[in-house]
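Fold and contact review
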Amino acid sequence: NEMATTLERKGLTPIIVIMSDGRANVNLKGVGGRESAHNDALIAAKELRIKNHRLLFVDTSPKPELLAQELSSAMAAQYFPLPFTHSGKKISQAAMQLANY
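Residues numbered from 1 in each chain as written. Predicted model: local features only at pLDDT ≥ 70, side-chain atom pairs only at ≥ 80, totals over all residues. Heavy atoms only, no water.

Focus on the pattern of salt bridges
By the definition in use, this model includes two salt bridges. The partner of Asp21 in a salt bridge is Arg23, and the shortest N-O contact between them spans 3.1 Å. For Asp21, a relative accessible area of 23% puts it in the partly exposed group. Residue class for Arg23 comes out partly exposed when judged on its relative accessible area of 37%. Linking Arg23 and Glu65 is a salt bridge whose minimum nitrogen-to-oxygen distance equals 3.9 Å. Highlighted residues: Arg23 in the loop between strand 1 (15-20) and helix 2 (34-51) and Glu65 in the loop between strand 2 (54-59) and helix 3 (66-74), separated in sequence by 42 residues. Taken together, the shared-partner salt bridges connect Asp21, Arg23 and Glu65 into one network. (Salt bridge = Lys/Arg side-chain N within 4 Å of Asp/Glu carboxyl O. Buried < 20%, exposed > 50% of the residue type's maximum accessible area, 1.4 Å probe, protein only. Helix = DSSP H or I, 4+ residues; strand = E, 2+ residues; numbered from the N terminus.)

With respect to the environment of His53
The topology assignment puts His53 in the loop between helix 2 and strand 2. Between the alpha carbons of His53 and Ile15 there is a distance of 7.1 Å; along the sequence they are 38 residues apart.

Examining the nonpolar core
Ala4, Ile16, Leu42, Ala45, Leu48, Leu55, Phe57, Ala68, Leu71, Ala74, Met75 and Ala77 form the largest nonpolar core, which has twelve residues in total. Only helix 2, strand 2 and helix 3 provide two or more residues apiece to this core. Judged by nonpolar contacts, the second largest core, of six residues, contains Leu56, Val58, Phe80 and Ala94. (Core = buried A, V, L, I, M, F, W, Y, C linked by side-chain atoms within 4.5 Å.)

Things to note about the sheet that holds strand 1
If you walk across this open sheet you meet the three strands as 1-2-3, and the pairing is parallel. Each of the sheet's edge strands pairs with one partner strand only, and the pair in question is strand 1 and strand 3 (78-81). Across this sheet, the average inter-strand angle for adjacent strands is 20°, counted without regard to direction. Contacts between helix 4 (residues 87-99) and the sheet are confined to strand 1, strand 2 and strand 3, with strand 2 contributing the most and set at about 170° to the helix. (Pairing = 2+ DSSP bridges. Axes fitted to C-alpha atoms, helices over the stretch in contact; angles between N-to-C directions. Contact = heavy atoms within 4.5 Å.)

A closer look at the packing of helix 2 against helix 3
Close contact between helix 2 and helix 3 brings their axes to 7 Å; oriented N to C, the two are set at 30°. Side by side, helix 2 and helix 3 meet where His38, Ala41, Leu42, Ala45, Lys46 and Arg49 of the first sit next to Leu67, Glu70, Leu71, Ser73 and Ala74 of the second. Classifying every residue of the contact of helix 2 with helix 3 gives six nonpolar, two polar and three charged. (Nonpolar A, V, L, I, M, F, W, Y, C, P; charged D, E, K, R; others polar.)

Here's the deal with unusual backbone geometry
Positive phi is not limited to glycine here, since Asn52 has a value of about 60°. Within the element layout of this structure, Asn52 appears in the loop between helix 2 and strand 2. Despite not being glycine, Ala76 shows a phi value in the positive range, around 60°. On the secondary structure map, Ala76 appears in the loop between helix 3 and strand 3. With a relative accessible area of 46%, Ala76 lands in the partly exposed category.

All we've got here are geometric facts, nothing functional implied.
Below you can see the structure in the form of structure tokens.
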């Protein structure tokens, strides 16, 4: 987030790619617990949305994960489930589109 903001100030177009299954298990205080960790992840996602960065969220689950979709939506990112055919190509194309946006 900070690095993206710094790059934007320099006139560059950063694209943040987040790769996750969306299943947070440790909160920002370093304490385990999925509910607390997911709440912290949602707060961080909403902060990214407010910054209006260009975001791609790659769901690394074996099949599309609802929690990953929720985080992606909260940050207004383009969502891509990784295990599908041609997903790498689609992710690359989306990154290029964001770069030219």
